Amino acid sequence: MIILSVLYIIAIVAESMTAALAAGRRNMDWVGVCLLGCVTALGGGSVRDIVLDHHPLSWVAHPHYLIITSVAALATIALARIMHRLYHFFLLLDAIGLVVFTIIGCNVALALELPLTVVIISGMLTGCVGGVLRDILCNDIPLLFRSELYASVSIVTGLLYVAGLRLNINHELVMAIALLAGLTLRMLALRFKWNMPTFIYNRDGH
Amino acid sequence: MIILSVLYIIAIVAESMTAALAAGRRNMDWVGVCLLGCVTALGGGSVRDIVLDHHPLSWVAHPHYLIITSVAALATIALARIMHRLYHFFLLLDAIGLVVFTIIGCNVALALELPLTVVIISGMLTGCVGGVLRDILCNDIPLLFRSELYASVSIVTGLLYVAGLRLNINHELVMAIALLAGLTLRMLALRFKWNMPTFIYNRDGH
Amino acid sequence: MIILSVLYIIAIVAESMTAALAAGRRNMDWVGVCLLGCVTALGGGSVRDIVLDHHPLSWVAHPHYLIITSVAALATIALARIMHRLYHFFLLLDAIGLVVFTIIGCNVALALELPLTVVIISGMLTGCVGGVLRDILCNDIPLLFRSELYASVSIVTGLLYVAGLRLNINHELVMAIALLAGLTLRMLALRFKWNMPTFIYNRDGH
């Protein structure tokens, strides 16, 4: 589907630029900015493909993805001065990336005829692991584990998509519904600061 | 072997619950608790399978493992108030997990007819990598590298198991001996605070 | 080529010993020293092989590499007192490791007939990922992202090598040129403290 391909390119550009800003906050050099952009944008799909034995990886088959994400990361350096004005725009792009990656990840697992639980996980790995790798390489506790319904949005998107397909609803309609629902949930979560309840455990407390 | 399957379920439940407590200490949200539980319980076997090209991964073939570890992690939140009373019980379960994972990892490599060194490493990856991933995601230096004979217990268990099989001793007897020896060594190490000697190097010291 | 095999052994020994010193700075135990040495020396090639679906991994096919890197790591403990005198020698060995790993990684991708961009990435993964894993396991922000032209040297070496082969220059001559050029660039970068420009971004700044 051509729309999904276009959204995919938008998504990897957005993820790469967001990662480049994270790199800039840690004063990484230009090569580091570039590498962090590529790992963040393409890492989720790569981990999914490795885990599901789905070769070649997307960037091995289509190396121009590496060029696109590298250019996006380097462009962020040039655009740094105006990036803060684009903050809300990037939150939207990042949310689009999350749901698009999720649908693509579900499609890969569906094509491999894997069980539905694994389809949902495949979507979540594709949507979320890039950000986890970025946080590990920046030496942070991954945000995924702590905030903002990120993984939950991915799971909800995947569940809607899989449920719709199971009910034999038209494929493109299901995809549109899942994308829009996930996107809306993510934007509402950001807008109203929805969070999952946290688990606070103090080993020494009795 | 049915006993090994039962012990495996006990092991992934124990690892997931231990990871959930680590998540609680870092105030992760419920989704993070769940994810950290799954990664810790199933990550060692997954890395082993990826490294040895042994597909599908256990949780891809048996997605109910994901359900079991998720439920175990979430149950930990409900049981948090009484978890400290179960501390010693969990140390025992965790030790059982370590040796059971090790034996299972050795079996995978043996079935692939890999060299004996790789069989030992396969056992160690299965037994130890889940905990390393947990520590990386919690932004700690992995405990594995610093304490408590954890990796050593896995290596000793694997060596005993492989040596016994080589000597053509009855398979189940060898397995029982390796499990018990590894378990005993681990519990003694915890009880008497045995540690490997550490390497202290100060770059600027002469 | 026999010279490349010899250089490879020198490279994994050097990488393992450097990692052992990093382990010693964090007071890891002997098993941790050993594991960190193996992961650092063999991790880059392993990640490359996993990403490119090139099995078996080198240490699975040749388990004596594990013995060599383990012995090198443990020997570092014994030699700790004189290691600081060998500091410059080790910088040279580490630089040799970087360029040798890069060439070997390019060769793996070339044998798989992958696109040239992927060949360069394959070289870079082989040369640099071991050090990234070492830094993650030591809970540091990977040096790769911050300094010393490390990744850049790998990319330049790979580009020269691939360009030379494309021009149908004699294989061994191209390899020698790429190795020497990469090595020279790395040593000059260390000597004159060349760094890539860094990207400094402050989210709250306007």
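Quantities reported herein were computed from a predicted structural model and do not represent experimental measurements. (Residues numbered from 1 in each chain as written. Chains lettered and ligands numbered in written order. Predicted model: local features only at pLDDT ≥ 70, side-chain atom pairs only at ≥ 80, totals over all residues. Heavy atoms only, no water.)

1. Topic: the relation of the copies chain C and chain A
Rotating chain C by 120 degrees and moving it 0.0 Å along the rotation axis overlays it on chain A with an RMSD of 0.0 Å. Taken together, the rotation and translation describe the operation of a three-fold axis. When you check the interface residues of chain C against chain A, a mere 12% turn up at the interface there too, and the two sides of the contact use different surfaces. (Least-squares fit on C-alpha atoms with pLDDT ≥ 70 in both. Contact = heavy atoms within 4.5 Å.)

2. Side note on the side chain of arginine 134 of chain B
Residues and elements named next belong to chain B. In this structure, arginine 134 sits in helix α7 (residues 116-137). Since its relative accessible area comes to 13%, arginine 134 is described here as buried. With near-sequence residues (within four places) excluded, arginine 134 lies in contact with Ala19, Ala22, Leu36 and Thr40. (Helix = DSSP H or I, 4+ residues; strand = E, 2+ residues; numbered from the N terminus. Buried < 20%, exposed > 50% of the residue type's maximum accessible area, 1.4 Å probe, protein only.)

3. Here we look at helix α7 (residues 116-137) of chain A
Residue and element names in this part refer to chain A. Relative to the 32 Å expected for 22 residues at 1.5 Å per residue, α7 spans 31 Å between its end C-alpha atoms, a close match to the ideal helical length. Residue cysteine 128 marks the point of greatest curvature in α7, where the axis turns by about 40 degrees. Counting buried positions along α7 yields 19 of 22 residues, so the element is predominantly enclosed. Backbone geometry just downstream of α7 places asparagine 139 in the positive-phi region, at approximately 65 degrees. (Expected span 1.5 Å × (residues − 1). Bend = angle between axes of the 7 residues up to and from the residue.)

4. Quick notes on the UniProt feature "transmembrane region" (unreviewed entry) in chain A
In this structure's numbering, the residues bearing the UniProt feature "transmembrane region" (unreviewed entry) are residues 64-82, 89-110, 116-137, 149-167 and 173-192 of chain A. With 100% helix and 0% strand, residues 89-110 of chain A has end C-alpha atoms that lie 32 Å from one another. (UniProt positions renumbered as here; feature names shortened; annotations may be inferred.)

5. Details of the relation of the copies chain A and chain B
Between the two copies, chain A and chain B, the superposition gives an RMSD of 0.0 Å; the rotation angle is 120 degrees and the shift along the axis is 0.0 Å. Looking at chain A, a mere 12% of its interface residues are interface residues in chain B too, so the copies touch through different faces.

6. Examining the environment of phenylalanine 199 of chain B
In this fold, phenylalanine 199 of chain B is placed in the segment after α9 (171-191). Note on phenylalanine 199 of chain B: relative accessible area 3%, which makes it buried. Those residues in contact with phenylalanine 199 of chain B that sit more than four places away from it in its chain are Ala20, Leu21, Ala23, Gly24, Asn27, Met28, Asp29, Trp30, Val33, Thr76, Ile77 and Ala80 of chain C.

7. Some points on the environment of alanine 41 of chain A
Residue and element names in this part refer to chain A. With respect to the helices and strands, the residue alanine 41 is situated in helix α2 (residues 30-51). A relative accessible area of 4% places alanine 41 in the buried class. Between the C-alpha atom of alanine 41 and that of isoleucine 68, which follows or precedes it by 27 residues, the distance is 10 Å.

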